[in-house]
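Chain by chain, the residues run as shown.
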Amino acid sequence: MVIGCFNGGFTLIQSLTIIHDGAIGMEDMALIAVMVGGMVPPLAIALATMFFKNKFTEEERKAGPTNIVMGLSFISEGAIPFAASDPLRVLPSCIIGSAVAGALSMAFNCTLMAPHGGIFVFLTVGHPLLYLISLAVGSVVGCVILGLFKEGCIKKIGNGKGN
């Protein structure tokens, strides 16, 4: 789950998911930890763009809410532009939030019978309320860490040096 988050939706998470999916034959807690961990980064970023507006550019604030739909759909690629622009703050925030969500989902014995799909496979989740709590807590943790550690957006004027 943490590797999937750190990877930010690139080839590694798809490769890990394919390898894991080949081993499916039972309800699997690891599978739900991977999915909830992959849903957290775009959700945490979306929340951060709403609650810590002064830390993001206007363009980032406009793109933020789109990440809600992407995150709920387990499409983590919405986090990539944010991670690319500030990797030292975005990646650790998302990794920690994902780890919290995945650990909670496993501690709650949540299970998942579908390999991918986000909210579209919600009917296959075992302990769905606890799964939603895991997702919410991980997303808020990632949001708060990102909001606290991300530098404020400096509007560049004139010669581009802020003065």
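Going by the structure above, here's the rest.
Please read all numbers here as calculations on a predicted model, not as lab measurements.

About the cut-offs
Residues numbered from 1 in each chain as written. Predicted model: local features only at pLDDT ≥ 70, side-chain atom pairs only at ≥ 80, totals over all residues. Heavy atoms only, no water. Core = buried A, V, L, I, M, F, W, Y, C linked by side-chain atoms within 4.5 Å. Buried < 20%, exposed > 50% of the residue type's maximum accessible area, 1.4 Å probe, protein only. Helix = DSSP H or I, 4+ residues; strand = E, 2+ residues; numbered from the N terminus. Contact = heavy atoms within 4.5 Å. Salt bridge = Lys/Arg side-chain N within 4 Å of Asp/Glu carboxyl O.

### Digging into the nonpolar core
Argument step 1. In terms of nonpolar packing, the biggest core is built from 17 residues, with Ile32, Met35, Met39, Leu112, Tyr131 and Leu135 touching the most fellow members.
Argument step 2. Elements with a minimum of two residues in this core: α3 (29–51) and α8 (128–149).
Argument step 3. The contact partners of Met35, leaving out residues within four places of it in the chain, are Phe74, Leu112, His116, Gly117, Gly118, Val121 and Tyr131.
Argument step 4. In terms of nonpolar packing, the next biggest core, distinct from the first, is built from 11 residues, Ala48, Phe52, Phe82 and Leu146 among them.

### Topic: the pattern of salt bridges
Argument step 1. As enumerated under the stated definition, the model contains 4 salt bridges in all.
Argument step 2. One salt bridge in this structure joins Glu58 and Lys62, with 3.3 Å as the shortest N-O distance. Remark: Lys62 and Glu58 occur in helix α4 (residues 58–63); sequence separation between them is 4 residues, near one turn of the helix. Across the pair, Lys62 and Glu58 agree in class, each one exposed.
Argument step 3. We note a salt bridge from Arg89 to Glu151, for which the minimum N-O separation is 2.9 Å. In this pair, Arg89 is assigned in helix α7 (residues 87–107) and Glu151 in the segment after α8, connecting sequence segments 62 residues apart.
Argument step 4. Judged by its relative accessible area of 54%, Glu151 falls in the exposed class.
Argument step 5. When salt bridges with common partners are traced through the structure, they connect Asp86, Arg89, Lys150 and Glu151 into a single cluster.

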